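# A structural walkthrough
The residues making up each chain are set out below.
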Amino acid sequence: YDNNIVTHSSYCIIMSTSCKGLLAKYAECMRNTDCMKVEKKELKACMESRPAECESFRYALFQCRRGQVDARTRIQGNKGY
C-alpha cells in the first residue's frame, strides 16, 4: 500500500506528499459542510457550489499543486506541507 495514493470511488490519484495534508483537510472540510451532511449531495456537486468555509483550503491546495509544476518552487520546495 502506497501512502501517496488517494482513492475515490471511481478513480485513483497519485500525488506528492507535499500536498497530501492539504487534500486531507480540504476533504474533511467538504465532508462537514451542510451540502453533504444535511442535503446529502455527492462531493462533486458540493465542490461546484464552493462552500465559503472550505475556500481557504481549496485555494491552498491549488497553490500547492501549482507549485509542483513551477520550476522555482520545485527546486525550493512547497511552503508549509
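Right, let's walk through the structure included here. (Residues numbered from 1 in each chain as written. Predicted model: local features only at pLDDT ≥ 70, side-chain atom pairs only at ≥ 80, totals over all residues. Heavy atoms only, no water.)

Moving on to the overall build of the protein chain. Each helix and strand in the protein chain was counted, giving 5 helices and 2 strands. Along its sequence from the N terminus, the protein chain presents helices and strands in the succession β-β-α-α-α-α-α. Burial status across the protein chain gives 21% buried among its 81 residues. Of all intrachain contacts in the protein chain linking residues separated by at least 6 positions in sequence, the fraction that spans at least 24 positions is 45%. Total accessible area computed for the protein chain in this model is approximately 6,100 Å², and 53% of it derives from carbon and sulfur atoms. (Helix = DSSP H or I, 4+ residues; strand = E, 2+ residues; numbered from the N terminus. Buried < 20%, exposed > 50% of the residue type's maximum accessible area, 1.4 Å probe, protein only. Contact = heavy atoms within 4.5 Å. Areas by Shrake-Rupley, 256 points an atom, 1.4 Å probe, with all protein chains shown as cover.)

Before going further, it helps to spend a moment on the state of the cysteines. Tallying each qualifying case throughout the model produces 3 disulfides. A sulfur-sulfur separation of 2.0 Å characterises the disulfide bridge that pairs Cys19 with Cys64. Disulfide Cys19-Cys64: torsion about the S-S bond near -100°, hence left-handed. Taken together, the residues Cys19 in the loop between strand 2 (12–14) and helix 1 (20–31) and Cys64 in helix 4 (residues 55–69) connect sequence positions 45 residues apart. Residue classification places Cys19 among the buried positions, given a relative accessible area of 0%. Paired by a disulfide, Cys29 and Cys54 hold their sulfur atoms 2.1 Å apart. Around the S-S axis, the bridge from Cys29 to Cys54 shows a dihedral of about -100° and counts as left-handed. Taken as a pair, Cys29 in helix 1 and Cys54 in the loop between helix 3 (43–49) and helix 4 lie far apart in primary sequence, 25 residues in all. Each member of the pair, Cys29 as well as Cys54, carries the same accessibility label: buried. In the protein chain, numbering the disulfide-bonded cysteines from first to last in sequence yields the connectivity 1-6, 2-5, 3-4. (Disulfide = S-S within 2.5 Å.)

On to the pattern of salt bridges. The full count for this structure, using the stated rule, is 3 salt bridges. Between Arg58 and Glu55 there is a salt bridge whose closest N-O contact spans 2.7 Å. Placement of the pair is Arg58 and Glu55 together in helix 4, with a separation of 3 residues, close to one helical turn. When its relative accessible area of 23% is taken as the criterion, Arg58 is described as partly exposed. Looking at Glu55, the relative accessible area reads 27%, which means it is partly exposed. (Salt bridge = Lys/Arg side-chain N within 4 Å of Asp/Glu carboxyl O.)

So, on to the nonpolar core. Grouped together as the largest cluster of nonpolar side chains are 11 residues: Cys19, Leu22, Leu23, Tyr26, Cys29, Met30, Cys35, Cys46, Cys54, Leu61 and Cys64. The set of elements that each furnish at least two residues to this core consists of helix 1 and helix 4. Ranked by residue count, the leading element in this core is helix 1, at 5 residues. (Core = buried A, V, L, I, M, F, W, Y, C linked by side-chain atoms within 4.5 Å.)

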